[in-house]
Amino acid sequence: MIYPILTVLVGSIVVIIAGISLYRCVRDGGIFINQVRFLASGVLLIAHFPLTHFLDGLILPWLEKIGAIEGNVSASYWISLALIVTVQLIILPTGRELYATYMADRVTRRVGA
């Protein structure tokens, strides 16, 4: 029961920090694509459990059509969880992307100064 609460709490913290960072970056005219990606990641983290339940409800009937076996319920849950985690990993920027935009921001600020 504590895991869903912690997920929503961490997602909310990510959304707040990313929102503040996005505001400051847009205000200062910086490169803000990573802040948008962190914001989207936080929103997806908040919606993790409802989305898992929703996808589980969509996948399970299809598995039952293929064949009624004992492991369909757990397989449906794990498939929906894997889909959400995959999207989460696609949204999150990598270290290389973070460093590249940081350097691009520093170079553009230095040239304009």
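It should be emphasised that the depicted structure is a prediction, and the values quoted were computed from it without experimental measurement. (Residues numbered from 1 in each chain as written. Predicted model: local features only at pLDDT ≥ 70, side-chain atom pairs only at ≥ 80, totals over all residues. Heavy atoms only, no water.)

## A word on the packing of helix α3 (residues 48-66) against helix α4 (residues 72-91)
Link 1 in the chain: Between α3 and α4, whose axes approach to 8 Å, the crossing angle comes to 130°. The orientation of α3 relative to α4 falls into the category oblique. Crossing of α3 against α4: the hand is right-handed. Counting all contacts with α3, which are made through His48, Leu51, Thr52, Leu55, Asp56, Ile59, Leu60, Leu63 and Glu64, the residues of α4 involved are Asn72, Val73, Ala75, Ser76, Tyr77, Ile79, Ser80, Leu81, Leu83 and Ile84. (Axes fitted to C-alpha atoms, helices over the stretch in contact; angles between N-to-C directions. Helix = DSSP H or I, 4+ residues; strand = E, 2+ residues; numbered from the N terminus. Parallel < 35°, antiparallel > 145°, perpendicular 65-115°, else oblique. Left-handed = near helix turned anticlockwise from the far one by under 90°. Contact = heavy atoms within 4.5 Å.)

## Side note on the packing of helix α2 (residues 33-46) against α4
Link 1 in the chain: Contact geometry of α2 with α4 gives a least axis separation of 9 Å together with a crossing angle of 165°. Taken together, α2 and α4 sit at an angle that is classed as roughly antiparallel. Here the hand of the crossing between α2 and α4 comes out left-handed. Contacts between α2 and α4 involve Arg37, Ala40, Ser41, Leu44 and Leu45 from the first element and Ile84, Val87, Gln88, Ile90 and Ile91 from the second.
Link 2 in the chain: Per-class residue counts for the contact of α2 with α4 are 7 nonpolar, 2 polar and 1 charged. (Nonpolar A, V, L, I, M, F, W, Y, C, P; charged D, E, K, R; others polar.)

## Some points on the packing of aromatic side chains
Link 1 in the chain: The tally for this structure, following the rule as stated, stands at 2 aromatic pairs.
Link 2 in the chain: On the numbers, 5.4 Å between centres and 85° between planes, the contact of Tyr3 with Phe49 is edge-to-face. Residue Tyr3 is located in helix α1 (residues 2-28), and its partner Phe49 is located in helix α3; the two are separated by 46 residues in the primary sequence.
Link 3 in the chain: For Tyr3, a relative accessible area of 53% gives the class exposed.
Link 4 in the chain: Look at Phe49 and you get partly exposed, because its relative accessible area is 27%. (Phe/Tyr/Trp six-rings, centres within 6.5 Å; stacked < 30°, edge-to-face > 60°. Buried < 20%, exposed > 50% of the residue type's maximum accessible area, 1.4 Å probe, protein only.)

So far we have only geometry, and geometry alone does not tell us how the molecule works.
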